[in-house]
Structures are given as C-alpha cells and as structure tokens.
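# Fold and contact review
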Amino acid sequence: MEITLFPLEKAQIGGKTISFGMKKEEVHRLLGKPEFIDDDDESGERHYFYDSELAINFDKSGAVEFIEFLGGIDGTLKPLIYGISAFDSMADELYEVLKKENTGEIVDDEDGYSYSFKEIEVGVYRESKPEDAMDCIEEMKAEGTCTKEDEEYELRRANHWATIGIGVKGYY
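Report on the accompanying structure. Just so you know, these numbers come straight off a predicted model, no measurement behind them.

Bringing the sheet that holds strand β3 (residues 16–19) into the picture now. In a beta sheet, neighbouring strands pair by backbone hydrogen bonds and run either parallel or antiparallel. Taking strand neighbours across the sheet as the criterion, the five strands line up as β3-β2-β1-β8-β9 in an open arrangement whose pairing is mixed. The sheet terminates laterally at β3 and β9 (84–85), the two strands that pair on one side only. Pairing geometry for strand β8 (residues 80–81) and β9, over two bridges, is antiparallel. Bridge pairing links Leu 80 to Ser 85 in β9.

Right under this line is the structure:
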C-alpha cells in the first residue's frame with residue numbers, strides 16, 4: 001500500500017487522504033472501524049488501524065491532530081516522507097532529510113532515541129542507538145550467547161526508526 005506523509009497537512013494511505021482537522025466519523029468511513037480505541041488520555045482519543053501499525057489521535061472535539069506509524073522496518077506499512085522511506089532508510093539518512101526540511105528547532109530530549117522537528121511537526125523514535133546495539137552485541141558475544149540473528153536484530157532496531165508521526169502545528 002502506498003503511503004505518503006505531508007507534514008502539517010495530511011497522510012495519504014492507499015489512495016485515502018486523512019487530513020488534520022478531519023472528524024473521526026470521516027476517518028472511520030475511510031479506514032473502517034478502529035481495532036482499538038485508547039481514551040485514557042484527557043486530551044482526546046487514540047484510534048488504531050491496520051494491525052495497530054497506524055494510530056490516529058483525535059483532540060477533544062474529535063478532530064485529527066496526530067498521525068503515527070508504529071510498524072518500523074519489520075512492519076507492513078511503509079510511509080514515505082519527502083521522497084524517502086521512513087522505515088527502510090537508515091536512521092541517520094532520514095534524520096538529515098528531516099533536519100534540512102525543518103530549518104528550525106529540533107528537540108532531542110532522549111539522547112538520540114527520538115527527535116521532534118518543531119517547524120514541520122514530525123517526530124521519530126527508535127528503541128536503540130548504534131552504540132547501544134554494539135554494546136549489547138559485545139556483551140552477548142562475551143557470554144557466548146550471540147547468534148547472527150541476534151546481531152542482525154540489534155543492528156536493525158538501532159539503525160532504523162521504529163515510529164514516525166506527524167502532527168498539527170504546535171503538537172510537539
């Protein structure tokens with residue numbers, strides 16, 4: 001399925017357009033009934049679609065305020081942003097593209113695990129960083145428990161983003 005993210009505007013998902021400000025009834029008409037609704041957040045609701053690889057946040061008025069893809073490199077949904085695959089590209093490559101498009105403040109409150117690009121309202125997150133993965137691999141090797149699959153897994157989750165989200169102006 002072709003997916004394209006347009007920061008501060010919309011996401012096109014398989015020929016369906018989900019725009020910021022769109023009401024939840026319209027989203028449900030386009031995407032179907034959500035698999036799960038998290039309404040614990042006092043600011044609104046979060047609806048999950050496509051085997052929970054897509055989450056859409058609605059504000060208190062029921063309007064779309066945030067669209068997030070959660071499947072990462074191993075997921076089935078592969079969003080494009082600024083012509084690059086958010087999950088298949090290397091994390092550093094996407095970071096540089098987003099930095100160039102942002103031309104403003106970048107929030108790095110989690111020491112490289114996540115970034116918020118404030119001008120374009122894009123956020124990315126990963127479970128590990130390359131230096132963490134190498135430490136983990138070296139530790140497993142020292143214990144004699146490191147397999148090739150373990151090593152590949154650690155490097156994949158460190159070198160690719162696990163999530164990407166776009167929000168309305170002021171979301172981050």
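Attention shifts here to the pairing of strand β12 (residues 122–125). With four bridges connecting them, strand β11 (residues 114–117) and β12 associate as antiparallel partners. Considered in β12, the bridge of Ser 114 is made with Tyr 125. For β12 and strand β13 (residues 163–167), the ladder comprises four bridges, and the chain directions are antiparallel. Bridged to Val 124 within β13 is Ile 164.

For the rest of this paragraph, the subject is the environment of Gly 165. Its place among the elements puts Gly 165 in strand β13. Residue class for Gly 165 comes out buried when judged on its relative accessible area of 1%. C-alpha separation for the pair Gly 165 and Ser 114, spaced 51 residues apart in sequence, amounts to 11 Å.

Attention shifts here to the pairing of strand β2 (residues 10–13). On β2, burial follows the alternation: Ala 11 and Ile 13 on one face are buried, whereas Lys 10 and Gln 12 on the facing-out side are not. Here strand β1 (residues 3–6) pairs with β2 via four bridges, running antiparallel. Bridge pairing links Leu 5 to Ala 11 in β2. Between β1 and β2, which pair antiparallel one after the other, the connecting turn spans three residues, and Leu 8 there sits at a positive phi close to 70°. Across four bridges, the pairing between β2 and β3 is antiparallel. Looking across to β3, one finds that Ile 13 is bridged to Lys 16. Linking two consecutive strands that pair antiparallel, namely β2 and β3, is a turn of two residues; a positive phi of about 55° is found at Gly 14 within it.

Reading guide: rules and limits
- Residues numbered from 1 in each chain as written.
- Predicted model: local features only at pLDDT ≥ 70, side-chain atom pairs only at ≥ 80, totals over all residues.
- Heavy atoms only, no water.
- Pairing = 2+ DSSP bridges.
- Helix = DSSP H or I, 4+ residues; strand = E, 2+ residues; numbered from the N terminus.
- Buried < 20%, exposed > 50% of the residue type's maximum accessible area, 1.4 Å probe, protein only.

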